[in-house]
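Secondary and tertiary structure notes
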Amino acid sequence: MKKLFLSMFLVWFAAGVFAQQEKKPLTFDNFNTWKHIRQPQISENGQYLVYELKPGHGDGSLIIKDMASNYIDTIARGYGAKLAGNSSIVTFKIKPPLALRREAEVKKFKKDKQPKDSIGIYSFKTHSLVKYPNAESFEIPEEGADWVAFLSDGKIESPADTTKTDQPKDTKKKKKEKKESGNLVVVKPGLTDTLVFRDVKSYSWSKNGQTLMFTAGKKDSTVNLASVNYFDTKTSQRRVVYSGEGFPGKIAVSEAGDRGAFLFSKDTVENKTYDLYLLANDAEPKLIADTVTATLPKDWAPSENGKMNFSKDGKRLFFGTAPKPEPEPEDSLMSSEKARLDIWAWTDKELQPRQKINLKKEKKRTYLAVYDIEKGNITQLADKDLKMVRTKRTGEGEYAYGVDPVPYERAMSWTGLDRDDYYLVNISTGEKKLLVKGIMRGWLGPDQRYFVYYNWQDSIYYSVNTKTMQALALTSQVNVLMCNELNDMPTPAGPYGVAGWAKDDKYVFVYDRYDIWRLDPSGKEQPANLTEGYGRKHQMKFRYVKLDPEEEYISTKTPVLLSVFQEKTKQAGYASLRMNKPATPNMLLLGDYTFRNTAKAKNAKQIIFTRESFTDYPDVWKTNDRFANYQKETEADPQQKDYLWGSAELVSWTNLDGVQLQGLLYKPENFDPSKKYPMMVYFYERSSDSFHRYWTPSPSRSIINKPFYTSNGYLVFVPDIVYTTGYPGQSAYDCIMSGVHALMEKYSFVDAKHMALQGQSWGGYQTAYLVTQTNLFAAAMAGAPVSNMTSAYGGIRWGSGLSRMFQYEHSQSRLGGTLWNKPWRYIENSPLFYADKVHTPLLMMHNDHDTAVPWYQGIEFFVALRRLNQPVWMLSYNDEPHNLKADSWGDRMDLSIRMKQFFDHYLKGAPEPRWMKSGRPAIDKDTDDAMEIR
């Protein structure tokens, strides 16, 4: 028996070793094929799971699973799924194959020859799929009916053409396929007829699915004939509710489907003026607003650019108004005769670049108005003095609230502080009352009895009674901070935020760093720590999980779901808590994972979530509302078992200022502590909370892919960084270098002669700074680094149009002063001024369309190091932003390959590729084979 056991053990051991040896390191080819789960959804009855399964590059699939029977259907190239409210069907788009899309782009097909999406409608009950080609868009009712409507610009086989209901059907001849544009196709699975409405411009369902409203229009000779239509799903009949010469605009239909509204213009000019009509109870359309409506500002009219919607109860119609558009001036000058300039004035509230970015939005700006259907009157809620007015989601209640940032826009250029004045707006009268001035954030209760805000100046939550307008401090006696305790920027810390409200605005629930507090906005009850301080005692962060997207109140009668995160161990999970009185949370699930995408079936107790760690793919799991008997529902990543991966370890050390820090150390699979391993050091600010995150093998947009490097024999170290105001560079040095030295002292497997730095943006700056302070590293890669804070300070963040001043004085750069009152801070923290100290080979990426960090920052550092004969390269991807765009697959693959070649050369002794030896002349740019970089 001993011999038999020994033989079996040896066979088992050999098989295990052989299996390990069979594993392969990840290659660049894996980036194309590695699967990603996207948009997991659960049906309202809790039985069906729908999600997209997409490779890195190529054709993906839509997966439909019956979780009761484990029956699975795979729809090639399906995406953008929407589930019917009655859990009967799922509707989605189907992309053309990538090969066809590639051919169309390469051969420059005209628009009408481009391959187009199809619409798929899948029945859960029969497992059947119906496809409709040449689709532009589709909509389904939010709840109830399983009708589908979609626009198509292709050929439609129409057994029942409802636009010709006055003509007898030809039952002898089959209709010929006819290519037309603007076909609205309305279908219900199981019905034999496909209903087609021609020349449709826009369409919208009522929430309950009983009514489909749409507009149609077609030019006849020189006249545009248009109509507004109702389609009743109960009778399958279309009713024309308005028709005439002109152009229809936006439409809206009430949730119950009994009321509608539409804009209509009889103008033939491009900048049209619209009239607003109301439809109610099968009556004729009623004109309710035009340019002469007395309750609108003079020469204002309803606007096509504004949102239009009914309140949930159908008693109000909200719409946008704006000054009547002026006709386009006649252009009689040659281009050379026109002046073209921008005028920058010191009195401007916003800088010209900011104004230009907002120009399109400002030209289309509208101001919220409301029509009270029962009273028959219009109230203008927003105006040029108070441009932003917001109602509660349902559009019900007595009040809206207004937000005015204008008084602080000019100062924001250098403070970076997002402040606003808040106003209470009476929906019936339009009366505006000032609630509070200059705050970061405020919340109007769902029942509108109280407004709650956080005051950044004293770190206290206040309430304002909306009837008496009396303000009351709520947390002045609370002995913990309600704002970010870890804030290390020279700017006021923001609040941890509001979880929600109890019914009747009786309580508002807010967060501190760890726990959840109940505040009584009336001030009658003292603040109560609902989680009983358990979070702070155990360094566990509790946060409310909103499972119903339409929820208005947090229940105080039944247990609610909380997410859990342990700061030191990085464990996560879920707990439950009844929000009526302080109690220890009931832990439901806690483990060494990250949990995301939590969703509950609307009409069942089933809950889905994704669970991941560095080694565990984020598959979808299902459980009940008590988190008992949870099980995995997807197996999306079977290929990982064939590849070397690695492991993640949480490490800690003390920095040079005596601060305890944490970091992450990723090790190769089959790690041997007796060997020496090259080490990549990547950083940004604090990253250790991502300990249990899964990193999908994918091409880089700017940073290294951790499992790709561990799979290829590298250690990867990610240290946390804390900062002292005025010394961001030195702070980074203290934290990163102390961490690296702690690893070198503790672990002999760290190859101290073959280590490298890598960072992007703020991490790129820190990389550039470090190589001016130490020669410890064999190589470094800095993406989009600020190298000269003196020249960057006065520039523009072109993506936002804001001045860069606030970033250096108060935000991420943390200098804490202006260039003229603390000039040496700008110089001491700028790598450019110490370029002659650099002896580390440096690779940079700085793209020519970077709207966050000016491109010239990379150029300044590059030309300085080039002049100093220091090995330096800069990759500048054409027309690419700060990070490479997600869909720029070729650029991302190129960056990934060049980075790995660079690091392999300096850390592993791999041959130097041609582009590193001799660059690439511009004349070879269009003829060089990108595959040569391999």
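Residues numbered from 1 in each chain as written. Predicted model: local features only at pLDDT ≥ 70, side-chain atom pairs only at ≥ 80, totals over all residues. Heavy atoms only, no water.

**Some thoughts on the overall build of the protein**
Helix and strand counts for the protein stand at 16 helices and 56 strands. Expected size for 934 residues packed as a compact globule is a radius of gyration near 30 Å; at 31 Å, the protein falls within 12% of this value. In terms of its C-alpha atoms, the protein occupies a principal-axis envelope of roughly 85 × 75 × 70 Å. Burial status across the protein gives 52% buried among its 934 residues. (Helix = DSSP H or I, 4+ residues; strand = E, 2+ residues; numbered from the N terminus. Rg over C-alpha atoms; globule rule 2.2 N^0.38 Å. Buried < 20%, exposed > 50% of the residue type's maximum accessible area, 1.4 Å probe, protein only.)

**A short note on empty space enclosed by the protein**
Going through the model one piece at a time under the given rule, you end up with 2 cavities of 30 Å³ or more. Approximately 60 Å³ is the volume found for the largest cavity. As for the largest cavity, its lining consists of Phe28, Phe31, Ser698, Ser700, Ile703, Ile704, Asn705, Phe708, Tyr709, Ser896, Met899 and Lys900. Taken together, the elements giving at least two residues each to the lining of the largest cavity come down to helix H8 (706-711) and helix H15 (889-908). Considering each element in turn, the lining of the largest cavity owes the most residues, 3 residues, to H15. Tallied by class, residues from the lining of the largest cavity come to 7 nonpolar, 4 polar and 1 charged. Estimated volume of the second largest cavity: approximately 40 Å³. Along its surface, the second largest cavity is lined by Tyr230, Arg239, Val241, Asp258, Leu279, Ala280, Asn281, Asp282 and Ala283. For the lining of the second largest cavity, the secondary-structure elements that each account for two or more residues are strand E17 (237-245) and strand E20 (275-280). In terms of residue class, the lining of the second largest cavity is built from 5 nonpolar, 1 polar and 3 charged. (1 Å grid on protein atoms, 1.4 Å probe; cavity = no way out; pocket = protein on both sides within 12 Å on 5 of 7 lines; lining within 4 Å. Points joined across faces, edges and corners; volume = space filled by probe spheres on them. Nonpolar A, V, L, I, M, F, W, Y, C, P; charged D, E, K, R; others polar.)

**Side note on the layout of surface pockets**
A probe matching the size of a water molecule, rolled over the atoms, marks out where space remains unfilled. In this model, the second largest pocket occupies a volume close to 1400 Å³. In terms of lining, the second largest pocket is formed by 50 residues, of which the most central are His36, Arg38, Ser698, Ala886 and Arg892. Put simply, the parts of the chain that give the lining of the second largest pocket at least two residues each are strand E1 (36-42), strand E2 (48-54), strand E5 (78-83), helix H3 (98-106), strand E43 (594-600), strand E44 (607-612) and H15. At 5 residues, E1 tops the list of elements feeding residues into the lining of the second largest pocket. Among the residues forming the lining of the second largest pocket, the class breakdown is 17 nonpolar, 19 polar and 14 charged.

**A few points about the sheet that holds strand E19 (residues 259-265)**
Reading across from one edge, E18-E19-E20-E21 is the order of the 4 strands in this open sheet, with antiparallel pairing throughout. Edge positions in the sheet fall to strand E18 (247-253) and strand E21 (286-289), since each of these pairs with one other strand and no more. Adjacent strand axes in the sheet meet at a mean angle of 30° when their direction is disregarded. As defined by bridge partners, E20 adjoins E21 across 3 bridges and the pair is classed as antiparallel. For Leu278, the partnering residue across the bridge sits in E21 and is Lys286. (Pairing = 2+ DSSP bridges. Axes fitted to C-alpha atoms, helices over the stretch in contact; angles between N-to-C directions.)

**Focus on the pattern of salt bridges**
Overall, the coordinates contain 33 salt bridges when judged by the stated rule. Notably, a salt bridge pairs Lys188 with Asp146, separated by 3.9 Å at the nearest N-O pair. A residue pair is termed long-range when its members are at least 10 positions apart, and Lys188 in the loop between strand E12 (183-187) and strand E13 (195-197) and Asp146 in the loop between strand E9 (135-139) and strand E10 (148-152) qualify at 42 residues. A relative accessible area of 13% means that Asp146 is categorised as buried. It is possible to trace a salt-bridge network through shared partners that takes in Glu485, Asp512, Arg513, Arg536 and Glu567. (Salt bridge = Lys/Arg side-chain N within 4 Å of Asp/Glu carboxyl O.)

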